[in-house]
Amino acid sequence: MDLEWLMEFLKGMLKPVAALAVVALAVILSYSQNLGLEFEMVYSILRAFIQLSVIGFVLQFIFSQDNRGWIVLAYLFMVSVAGYTAGQRAKHVPRGKYIGGASILAGTAVTMLVLILLKVFPFTPQYIIPVAGMMVGNSMTVTGVTMKRLRDDIKIQMSLVETALALGATPRQATLQQVKRSLVISLSPVLDNAKTVGLISLPGAMTGLIMGGASPLEAIQLQIVVMNMHIGASTLSSIMSTYLCWPSFFTKAYQLETNVFSSD
């Protein structure tokens, strides 16, 4: 059995292992300051090491296959994990995990479809899986914040919402301000990042290309595409989540589901 690939992998891991020195420094500082984060730091970096190693082998397998079905499976797996994580953030939203997953799927799928139809990216695993991963991860954060903030704002202003409903407003009309506020808050970091990209720090995609030998001009072209798709996918996903949350927040008689807003 040819183990040359394994030896190359182990040889390549020497630098990541050497980089553990800075983690050790963080652990020492945490202990000296009585922060109690030593175990969490070690556990986090060990988990990241295992997860990235496993996904590296999985991607190596997928890239070697001439089967687009693996691309779809990898994408759906990422969306499933992202939906679960977004639902955990908005744990008081009924069926939040399903709402998060459906919203992220809709936002990222539409964005990806547009990019493919415009021939920005070819439908190959080397392009689609990394790009989809960046979009899904960003949409996950935005969607989780949107759902949580919307539910919390409606809870704080229940009397105003109930008054609007009593006057004949629809759920959408009664919660319009809360929806706008939750969307603005969740999307603001994405927009702020776009405004300052390249000025404060070099983004990951651009840094990776430059370190891989690509010219800075080629790197910025890809990074501009990445920023565009982040804004598009995040906006679509967050807006979709507000629409999907309404059935959980209101009864069929257009009344607030008080049990949804009774817990902290």
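Residues numbered from 1 in each chain as written. Predicted model: local features only at pLDDT ≥ 70, side-chain atom pairs only at ≥ 80, totals over all residues. Heavy atoms only, no water.

Trainee: Could you give an account of the packing of aromatic side chains, naming the residues involved and the relevant values?
Mentor: For the structure on display, the rule yields four aromatic pairs. Here the aromatic rings of Phe121 and Tyr127 are separated by 6.1 Å at their centres, their planes lie at 45 degrees, and the arrangement is tilted. Taking the relative accessible area as the measure of exposure, Tyr127 reaches 42% and is therefore partly exposed. (Phe/Tyr/Trp six-rings, centres within 6.5 Å; stacked < 30°, edge-to-face > 60°. Buried < 20%, exposed > 50% of the residue type's maximum accessible area, 1.4 Å probe, protein only.)

Trainee: Break down unusual backbone geometry for me, citing the residues and quoting the values.
Mentor: Look at Arg95: it is not a glycine, yet its phi comes out positive at around 55 degrees. Looking at the secondary structure, you find Arg95 in the loop between helix 5 (69–89) and helix 6 (96–117). Looking at Arg95, the relative accessible area reads 52%, which means it is exposed. Backbone geometry at Lys119 places phi at a positive 60 degrees, although glycine is not the residue there. For Lys119, the position within the fold is in the loop between helix 6 and helix 7 (125–156). (Helix = DSSP H or I, 4+ residues; strand = E, 2+ residues; numbered from the N terminus.)

Trainee: If you had to explain the packing of helix 3 (residues 20–32) against helix 4 (residues 38–63) to someone new, which residues and values would you point to?
Mentor: Close contact between helix 3 and helix 4 brings their axes to 9 Å; oriented N to C, the two are set at 160 degrees. The angle between helix 3 and helix 4 places the two elements in the roughly antiparallel class. At the point where helix 3 passes helix 4, the crossing takes the right-handed sense. Along its contact with helix 3, which presents Leu20, Val23, Ala26, Val27, Ser30 and Tyr31, the element helix 4 presents Glu38, Met41, Val42 and Ile45. Here the residues of the contact of helix 3 with helix 4 sort into eight nonpolar, one polar and one charged. (Axes fitted to C-alpha atoms, helices over the stretch in contact; angles between N-to-C directions. Parallel < 35°, antiparallel > 145°, perpendicular 65-115°, else oblique. Left-handed = near helix turned anticlockwise from the far one by under 90°. Contact = heavy atoms within 4.5 Å. Nonpolar A, V, L, I, M, F, W, Y, C, P; charged D, E, K, R; others polar.)

Trainee: Describe the nonpolar core, with residues and values.
Mentor: One finds Phe249 and Leu256 to be the most contacted residues of the largest nonpolar core, which totals 41 residues. When contributions to this core are tallied by element, the ones reaching two or more residues are helix 5, helix 6, helix 7, helix 8 (158–166), helix 10 (176–196) and helix 12 (216–249). No other element matches the nine residues that helix 7 contributes to this core. Excluding residues within four positions of it along the chain, Leu256 makes contact with Ile154, Met158, Val161, Glu162, Leu165, Phe249, Phe250, Thr251 and Phe261. (Core = buried A, V, L, I, M, F, W, Y, C linked by side-chain atoms within 4.5 Å.)

Trainee: Can you explain the packing of helix 6 against helix 12? Please cite residues and give values.
Mentor: Taken N-terminus to C-terminus, the directions of helix 6 and helix 12 make an angle of 145 degrees; their axes are 8 Å apart at the nearest point. Considering the relative orientation of helix 6 and helix 12, their crossing is right-handed. Only Met229, Gly232, Ala233, Leu236, Ser237, Met240, Ser241, Leu244, Cys245 and Ser248 of helix 12 make contact with helix 6, whose side of the interface consists of Ile99, Ala102, Ser103, Ile104, Ala106, Gly107, Thr108, Val110, Thr111 and Leu115. Residues of the contact of helix 6 with helix 12, tallied by class, amount to 12 nonpolar, eight polar and no charged.

Trainee: With reference to specific residues and values, describe the side chain of Ser248.
Mentor: Position of Ser248 relative to the elements: it lies in helix 12. Residue contacts for Ser248: discarding those within four places in its chain leaves Pro94, Arg95, Ile99, Glu257 and Val260.

Trainee: I'd love a proper account of a nonpolar patch on the surface, names of residues and values included.
Mentor: On the surface, a nonpolar cluster with roughly 860 Å² of combined accessible area is contributed by Val17, Leu20, Ile45, Leu46, Phe49, Ile50, Leu52, Val54, Ile55 and Val58. Among the elements that make up the nonpolar patch, the one with the highest residue count is helix 4 (eight residues). Along the chain, the position of Val54 falls in helix 4. Given a relative accessible area of 47%, Val54 falls into the partly exposed group. (Patch = residues over 30% accessible without salt bridge, like charges linked within 9 Å, V, L, I, M, F, W, Y side chains within 5 Å. Areas by Shrake-Rupley, 256 points an atom, 1.4 Å probe, with all protein chains shown as cover. Salt bridge = Lys/Arg side-chain N within 4 Å of Asp/Glu carboxyl O.)

Trainee: Can you tell me about the pattern of salt bridges, naming the residues and giving the values?
Mentor: Scanning all chains against the criterion turns up five salt bridges. Here Asp153 ties to Arg181 by a salt bridge, and the two come within 3.4 Å at their closest N and O atoms. Linking Asp153 in helix 7 with Arg181 in helix 10, this pair joins segments that are 28 residues apart in sequence. Under the relative-accessibility criterion, Asp153 is labelled buried at 5%. Exposure remark for Arg181: the relative accessible area of 30% places this residue in the partly exposed category. Two residues, Asp192 and Lys195, come together in a salt bridge whose shortest N-O distance is 3.9 Å. Placement of the pair is Asp192 and Lys195 together in helix 10, with a separation of three residues, close to one helical turn. Looking at Lys195, the relative accessible area reads 62%, which means it is exposed. Through salt bridges with shared partners, one network takes in Lys148, Arg151 and Asp152.

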